[in-house]
Amino acid sequence: MNDTLNTPLAWVNGSDAPELNSIDVGFMALTDSASLIVAATQGFAQPYGLNINLQRQPSWAGLRDKLVSGELHAAHSLYGLVYAAQLGIGGPAKDMAVLMGLNQNGQSINLSSTLQNQGVITPEALDRRTHQSGTKLTFAQTLPTGNHAMWLYYWLASQGVHPLEDVDSVVVPPPQMVEHLKAQRIDGFCVGEPWGASAVNQHLGFTLATSQTIWPDHPEKVLGCTLEFVQQYPNTARVLIMAVLEASRFIEESLDNRRSTAQMLSGCEYVNAPVEDIEARLLGEYSDGLGNHWQDHHAVSFHRKGEVNMPWLSDGMWFMTQFRRWGLLREDPDYLGVASQVQQLALYRRAAEALDIKVPATALRSSQLIDGKVWDGSDPVGYARSFKLHALADAEPVVADPVADE
Amino acid sequence: MLRILLINDTPKKVGRLKAALIEAGFEVIDESGLIIDLPERVQAVRPDVILIDTESPGRDVMEQVVLVTRDLPRPIVMFTDEHDPGVMRQAIKSGVSAYIVEGIHAQRLQPILDVAMARFESDQDLRAQLHARDQQLAERKRIETAKGLLMKMKNCNEEEAYTLMRRQAMSRQQKLIQVAEQIIAMSELLG
């Protein structure tokens, strides 16, 4: 795998050398930032003449602003964050780019131990609780246009609960979720690991659903940047993809590599959480806090021979269909056109092929989600309109609004 | 006169900023409660301008405020390049983000941001670069050297040597270069 390390000067001297020798890359304190952290700290970019400076960010909104303003060159990003910026939802529109997928799976919906004690431990019990009781439950996600809002909404809707009408929805930054659950300011949350495992390990809550039960091998974090960055620094962008691809492959090469990745992540400069909270679910060993233990076959994955890293057009399009479904987009965008502009397929192909990583011939993939629906990217307009529960905003827009309930 | 909501949820000192804004004649409401309650507080206080630390985790909660108010008579929007590119860049540099009620002229915000930029304690350490650029080539050579030493010591191939070094580095939360230096130092000692 280290062929490139043998001949580093070929890259530095050749015309393919990166235009920049050092770039600033943002990340949030989450297990799924692993491949970026490993790439930056374990010498994966250096052979190409690139230095990756990691910059941990305190909020997704701050990360986005720094990407858009150029203060960060690239970042560990939510799919939803990149596409909301592209479409100008909640802020000015900016042409964005997805360089590659960073991971699939590994998020979860967790409820408080108070609800557990009341017997609300199944989707059916939650459905009854939300429709019968007077006070609404409050669920936290991480950004109104983010992946976790979309997973939470999708899951609730699949259980017959309208996420914008039957419950209240609030935003809480990932590392603060557990604290808010403990203080009973929220009844549940949807977030990336290790924060679900952290709630379970502290006996403050239980995992009701993993994101991979909503969509096995769902798209999650991506390596995002502006389109301007790709156009200005194409070699830097390609070399960055290669370094992160190699780091992703390295993490999955052995159990020992996964274990040491967990140890690395737990450091205070990175995720800053106990290694116990990170390691088990990184290895696919799940405990839900209700006494169930299992080896998860769709646990967080970083590479899987490139399957995870391919910037599938259908993955980007899916997030736009959900923006449409929940009223964040008032009309249908040119789903395929926008995704084709954002997903950097050609650049990814060059990077992957240079590392002998297989690139699928088609950029659409087919998946069956928890509600039985099949998503393959072929009819995004119809798919966005096909849901029983929705907030389609052709007439009147509806957005999760805790204020209006008062 | 513009009413300002000053969000106080990071260790930076906003006390002086509040006093300076009041001195400059603004009505300032200092919000130091729970950031999760921000949507309700904004509704109750009805500010014209909201100032928040760019590095605050509460920025994500402000995103919710923006989306919740977008169909109300007084939508709150992020103050951006489109309003005034010069002022926006200054604000980002000073570490303060501004949200305004749509329709307020950028010029009316200028004196507020002038005060904020002068008074807000921007933590430059947070922005410090983690590496010096010219170290890069030297580091690469040190790593190569350590890899060579390890291959000899362990009688292994190149890929195995890299894996051993990386695993060691990661389980101690160190960078590859740190382990490389340790290997070189140990080799010199035993040399």
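In this text, all values refer to a predicted model and were calculated from it rather than measured experimentally.

When helices and strands are counted, chain A shows 19 helices and 14 strands. A globule of 406 residues ought to have a C-alpha radius of gyration of about 22 Å, and chain A, at 20 Å, matches this closely. Each principal axis of the C-alpha distribution contributes one length, and for chain A these read about 70 × 45 × 35 Å. Across the 406 residues in chain A, those meeting the buried criterion constitute 59%.

Attention shifts here to the overall build of chain B. For chain B, the helix and strand inventory stands at eight helices and five strands. Secondary structure elements of chain B occur, N-terminal to C-terminal, as β-α-β-α-β-α-β-α-β-α-α-α-α. Taken across its 191 residues, chain B has 40% of its residues classed as buried. Counting contacts in chain B only where the partners sit at least 6 residues apart, residues at least 24 apart contribute 58% of the total.

Attention now goes to the packing of helix 7 (residues 158–171) of chain B against helix 8 (residues 176–190) of chain B. All names here are of chain B. At a minimum axis distance of 8 Å, the contact between helix 7 and helix 8 shows a crossing angle of 110 degrees. For the element pair helix 7 / helix 8, the angle class is roughly perpendicular. The handedness of the crossing between helix 7 and helix 8 is right-handed. For the pair helix 7 and helix 8, the contacting residues are M165, R166, Q168 and A169 in the first and L176, Q178, V179 and A180 in the second. Of the residues contributing to the contact of helix 7 with helix 8, the split by class is five nonpolar, two polar and one charged.

To continue, consider helix 8 (residues 147–158) of chain A. Note that an α-helix has 3.6 residues per turn; residues three or four places apart therefore point the same way. Residues and elements named next belong to chain A. Over its twelve residues, helix 8 runs 16 Å from end to end, which matches the ideal 16 Å to within 8%, given 1.5 Å per residue. Across the twelve residues that make up helix 8, a large majority, twelve, are buried. Once helix 8 ends, the next one or two residues include G160, with phi positive near 90 degrees.

All names here are of chain B. The element strand 3 (residues 49–53) is largely enclosed, with a buried count of five among its five residues. Across three bridges, the pairing between strand 1 (residues 3–7) and strand 3 is parallel. Its bridge partner being in strand 3, L6 is matched across the sheet by L51. Note that strand 3 and strand 5 (residues 96–101) share five bridges and pair antiparallel. The residue of strand 5 that forms the bridge with I50 is Y99.

All names here are of chain B. What the five strands build is an open sheet, ordered 2-1-3-5-4; its pairing is mixed. This sheet does not close on itself; its edge strands, each paired only once, are strand 2 (27–31) and strand 4 (76–78). Sheet twist, expressed as the average angle between the axes of neighbouring strands with direction ignored, equals 25 degrees. Helix 3 (residues 59–68) rests against strand 3, strand 4 and strand 5 of the sheet, and its axis sits at about 135 degrees to strand 4.

Right, let's get into the confidence of the model for chain B. Residues and elements named next belong to chain B. Per-residue confidence for chain B averages 82 on the pLDDT scale, and 84% of its residues sit at or above 70. When pLDDT is averaged over each helix and strand of chain B, the minimum, 68, is found for helix 4 (residues 85–94) and the maximum, 96, for helix 7. This model gives residues 123–132 a pLDDT under 50, and the stretch forms eight contacts once residues within four places in sequence are excluded. With pTM at 0.87, the complex prediction returns an ipTM value of 0.81.

Frequently, the measure chosen for interface size is the accessible area that the parts lose on association. If you look at the interface, chain A gives 45 residues, while chain B gives 42 residues. Within the residue set of the side of chain A that touches chain B, elements represented by two or more residues are strand 2 (51–56), helix 4 (60–69), strand 7 (168–171) and helix 14 (255–265) of chain A.

Here we take up the sheet that holds strand 8 (residues 188–192) of chain A. Residue and element names in this part refer to chain A. The strand order 7-6-8-5-9 describes an open sheet built from five strands, whose pairing is mixed. Two strands bound the open sheet, and with one partner strand each, they are strand 7 and strand 9 (205–210). Put simply, the sheet's adjacent strands are angled 25 degrees from each other on average, direction ignored. Bridge count between strand 6 (residues 138–141) and strand 8: two bridges; the pairing is parallel. When the sheet's bridge partners are listed, A140 is paired in strand 8 with F189.

Residues and elements named next belong to chain A. We note that the domain assignment places domain 1 (3–104 + 218–289 + 295–363) and domain 2 (107–217) within chain A. In this structure, domain 1 and domain 2 have C-alpha centres spaced 26 Å apart. Listed as interface residues are 36 residues of domain 1 and, on the opposing side, 30 residues of domain 2. Among the secondary structure elements, those contributing two or more residues to the side of domain 1 that touches domain 2 are helix 5 (79–87), helix 15 (275–282) and helix 16 (313–325).

All names here are of chain A. Checked against the element boundaries, L81 lands in helix 5. With 27 C-beta atoms packed within 10 Å, L81 lands in the buried category. Once the C-alpha coordinates of L81 and P144 are considered, the two residues, 63 residues apart in sequence, prove to be 9.2 Å apart.

Residue and element names in this part refer to chain A. Counting 178 residues, the largest nonpolar core has L99, L240, I241 and A243 as the members making the most contacts within it. The element contributing the most residues to this core is helix 13 (residues 234–251), with eleven residues. The contact partners of L99, leaving out residues within four places of it in the chain, are A74, L223, C225, A237, L240, I241, Q344, L347 and Y348.

This next bit is on the environment of G191 of chain B. Among the structural elements, G191 of chain B can be located in the segment after helix 8. It is 70 Å that separates the C-alpha atoms of G191 of chain B and T69 of chain B, two residues lying 122 residues apart in sequence.

A few words on unusual backbone geometry. The step from E193 of chain A to P194 of chain A runs through a cis peptide bond, and the omega angle for that step is 15 degrees. Tracing the backbone shows P194 of chain A in the loop between strand 8 and helix 10 (195–201).

Another point: helix 3 (residues 34–41) of chain A. In terms of residue burial, helix 3 of chain A counts as a mostly covered element, since eight of its eight residues are buried. Within helix 3 of chain A, the full set of buried residues consists of A34, S35, L36, I37, V38, A39, A40 and T41 of chain A. Buried positions along helix 3 of chain A lie against strand 1 (22–27), strand 2, strand 3 (74–78), helix 13 and helix 14 of chain A together with helix 8 of chain B. Of the residues trailing helix 3 of chain A, G43 of chain A is marked for its positive phi of about 70 degrees.

Residue and element names in this part refer to chain A. The predicted model of chain A averages 93 in pLDDT, with 93% of residues at 70 or higher. Across residues 1–13 the pLDDT falls below 50, and counting only partners more than four positions away or on other chains, this stretch makes 16 contacts in the model. In the model, residues 400–406 has pLDDT below 50 throughout and makes 13 contacts with residues more than four positions away in sequence or in other chains.

What counts and what doesn't
- Residues numbered from 1 in each chain as written.
- Chains lettered and ligands numbered in written order.
- Predicted model: local features only at pLDDT ≥ 70, side-chain atom pairs only at ≥ 80, totals over all residues.
- Helix = DSSP H or I, 4+ residues; strand = E, 2+ residues; numbered from the N terminus.
- Rg over C-alpha atoms; globule rule 2.2 N^0.38 Å.
- Buried ≥ 20, exposed ≤ 12 C-beta atoms within 10 Å, placed from the backbone.
- Contact = placed C-beta atoms within 7 Å.
- Axes fitted to C-alpha atoms, helices over the stretch in contact; angles between N-to-C directions.
- Parallel < 35°, antiparallel > 145°, perpendicular 65-115°, else oblique.
- Left-handed = near helix turned anticlockwise from the far one by under 90°.
- Nonpolar A, V, L, I, M, F, W, Y, C, P; charged D, E, K, R; others polar.
- Expected span 1.5 Å × (residues − 1).
- Pairing = 2+ DSSP bridges.
- pLDDT = per-residue confidence, 0-100.
- Domains from an automatic or database assignment.
- Core = buried A, V, L, I, M, F, W, Y, C linked by C-beta atoms within 7 Å.

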